[in-house]
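Geometric and topological summary
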Amino acid sequence: MPRRPSLKINDTAHVVIRCQNKAFLLQPKLYWDDLSSWINCLPYFFNVEIHHFVVMSNHFHFLLTPNEDNFGKAMSYFMTNVAKYLNYRHGRVNHVFGNRYGATRVKEQRQFINVIRYIYQNPVRAHIVKRVEQYPFSSFGLYNGAGHPGVKVCPDVYTQSVFKHGIEGREIWLNLVNQELSENDQMILRKCFMRSVFTYSKRALHSMGTGTSLII
């Protein structure tokens, strides 16, 4: 698979970073304070806007936008230092992350909600919680009023546009995020995330039918 081009200024993208062999090295219950500090390096050191994120036991998900032409450098700094930290914590010397981060640009603002839902529903799919607001190691608490995640988070343009409608807009957004993605929808989104730009194939559009919960 060819290497994806690095993000440019103002490219909003879904970014995933996975531990090698899906090893449970992140363990946010144990290391949250330190992991959140390393995540904060992205907005504070490199001017990368983090819109949404979730930290699972073996991977990170982000929706973010770089405001400077330094995203490759930012990711290298983040992944290198998190790897050193986790190797220290686990008393190991091997590679922590299996490969380079995967970044998929999302050009259509109306598609942001599909990516947001996929990000926050990770712990639901893993049967850790039943609803997204029950998982503490994400940015969701900032949006539902449950508390600040300790990471500098900036709402994406879609979320801002919905929240401008007040309580009604907020409730619509919260309900959409908790609206369960079907297995077919999940498969379609995973295929989109394998590309450098978030796009639906003709086969995916045909398979959606009328029962899809995706916004297209």
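Note that the coordinates shown come from a computational prediction; the quantities given were computed from them, not determined experimentally. All residue numbers refer to positions counted from 1 along the written sequence of the respective chain. Reporting of local features is limited, given that this is a predicted model, to residues whose pLDDT is at least 70; pairs of side-chain atoms are given and counted only at 80 or more, and all residues count toward the totals for whole chains, interfaces and linings. Calculated side-chain values reflect all of the structure's heavy atoms, with hydrogen atoms and water omitted.

Considerations on the overall build of the protein
The secondary structure listing takes helices from DSSP runs of H or I that are at least 4 residues long and strands from runs of E that are at least 2 residues long, numbered from the N terminus. Counting its secondary structure elements, the protein contains nine helices and four strands. For the protein, the succession of helices and strands along the chain, N to C, is β-α-β-β-α-β-α-α-α-α-α-α-α. We take the radius of gyration over the C-alpha atoms and set the globule estimate at 2.2 Å times the residue count to the 0.38 power. The C-alpha atoms of the protein give 17 Å as radius of gyration, which agrees with the globular expectation for 216 residues (17 Å, within 12%). Viewed in the frame of its principal axes, the protein has a C-alpha envelope of about 50 × 40 × 35 Å. Expressed as a percentage of the 216 residues in the protein, the buried residues total 51%. Considering only residue pairs separated by 6 or more positions, the protein has 72% of its internal contacts joining residues 24 or more positions apart. In the structure as shown, the protein presents an accessible area of about 11300 Å², 52% of it carried by carbon and sulfur atoms. The positive count covers Lys and Arg only, the negative count covers Asp and Glu only, and His and the chain ends enter neither. To locate a charge, take atom NZ for lysine, CZ for arginine, CG for aspartate or CD for glutamate. Both charge centroids of the protein, one from 26 positive and one from 14 negative side chains, sit 9 Å from each other. We call a residue buried when its accessible area falls under 20% of the maximum for its residue type, exposed when it is over 50%, and partly exposed in between, using a 1.4 Å probe and counting protein chains only. Pairs of residues are marked as contacts when any of their non-hydrogen atoms sit within 4.5 Å. Each accessible area is a Shrake-Rupley result for a 1.4 Å probe, and residues are judged covered by the shown protein chains and nothing else.

A word on the side chain of Asn144
For Asn144, the location among the structural elements is in helix H5 (residues 140–144). Given the relative accessible area of 18%, Asn144 is considered buried. Contacts described as polar in this section are N or O atom pairs within 3.5 Å, which, within protein, must combine one atom able to donate a hydrogen with one able to accept it, while residues neighboring in sequence count only if both atoms come from side chains. At a separation of 3.0 Å, a polar atom in the side chain of Asn144 contacts the main-chain amide nitrogen of Ala146.

Focus: the pattern of salt bridges
Just to be clear on terms, a salt bridge is a Lys or Arg side-chain nitrogen sitting within 4 Å of an Asp or Glu carboxyl oxygen. A full pass over the atoms with the stated rule returns four salt bridges. Two residues, Asp34 and Arg89, come together in a salt bridge whose shortest N-O distance is 3.4 Å. Of this pair, Asp34 sits in helix H1 (residues 28–46) while Arg89 sits in helix H2 (residues 71–90), and the two are 55 residues apart along the sequence. Of the charged contacts in the structure, one is a salt bridge between Arg110 and Glu108, with a shortest N-O distance of 3.0 Å.

Some thoughts on the packing of aromatic side chains
Each aromatic pair joins two rings of Phe, Tyr and Trp (for Trp, the six-membered one) with centres within 6.5 Å, and gets the label stacked for planes under 30 degrees apart, edge-to-face for over 60, and tilted for any other angle. For the structure shown, the criterion picks out 21 aromatic pairs. Both rings, one in Tyr31 and one in Tyr85, keep their centres 5.9 Å apart while their planes meet at 90 degrees; by these two values the pair is edge-to-face. Highlighted residues: Tyr31 in helix H1 and Tyr85 in helix H2, separated in sequence by 54 residues. Across the pair, exposure class does not vary: Tyr31 and Tyr85 are buried alike.

Description of unusual backbone geometry
One non-glycine residue, Lys22, adopts positive backbone phi at about 60 degrees. Within the secondary structure, Lys22 is located in the loop between strand S1 (13–18) and H1. Backbone geometry places His127, a non-glycine residue, at a positive phi of 60 degrees.

Concerning a nonpolar patch on the surface
Where nonpolar side chains cluster on the molecular surface, the patch consists of Tyr44, Phe45 and Tyr77 and spans about 350 Å² of accessible area. Tracing the chain through its elements places Tyr77 in helix H2. On the accessibility criterion, Tyr77 (30% relative accessible area) is partly exposed. Patch construction takes residues with relative accessible area above 30% that form no salt bridge. Like charges are linked within 9 Å, and nonpolar side chains (Val, Leu, Ile, Met, Phe, Trp, Tyr) are linked within 5 Å.

Details of the environment of Gly166
By secondary structure assignment, the location of Gly166 is in helix H7 (residues 166–178). When the C-alpha atoms of Gly166 and Ile39 are compared, they prove to be 29 Å apart, with 127 residues separating the residues in sequence.

Quick notes on the side chain of His51
Turning to its location among the elements, His51 is positioned in strand S2 (residues 48–55). Judged by its relative accessible area of 3%, His51 falls in the buried class. Beyond its immediate sequence surroundings of up to four residues, His51 is in contact with Thr12, Leu63, Leu64, Thr65, Ser139, Tyr143, Val153, Cys154, Pro155 and Asp156.

Considerations on the nonpolar core
Val15, Ile17, Phe60, Phe62 and Trp173 are the most contacted members of the largest nonpolar core, which totals 66 residues. By residue number, the principal contributor to this core is H2, which donates nine residues. Every residue in contact with Val15, bar those within four places of it in the chain, is listed here: Phe60, His61, Phe62, Leu64, Phe71, Met75, Tyr101, Gly102 and Ala103. Remark: nonpolar core denotes a set of buried residues (Ala, Val, Leu, Ile, Met, Phe, Trp, Tyr, Cys) joined through side-chain atoms within 4.5 Å.

Some remarks on the sheet that holds S1
DSSP-based pairing: two strands are paired if at least 2 bridges between them are found. Spatially, four strands are ordered S2-S3-S1-S4 in an open sheet, and the strand pairing comes out antiparallel. The two strands at the open ends of the sheet, each matched to only one other strand, are S2 and strand S4 (102–105). Ignoring which end each strand starts from, the neighbouring axes of this sheet average 20 degrees apart. The pairing of S2 with strand S3 (residues 59–66) spans seven bridges and is antiparallel. Bridging across to S3, Glu49 finds its partner in Thr65. The axes are straight lines fitted to the C-alpha atoms, using for helices just the contacting stretch, and the angles between their N-to-C directions are given from 0 to 180°.

Such coordinate-based values are descriptive only and should not be taken to indicate function.
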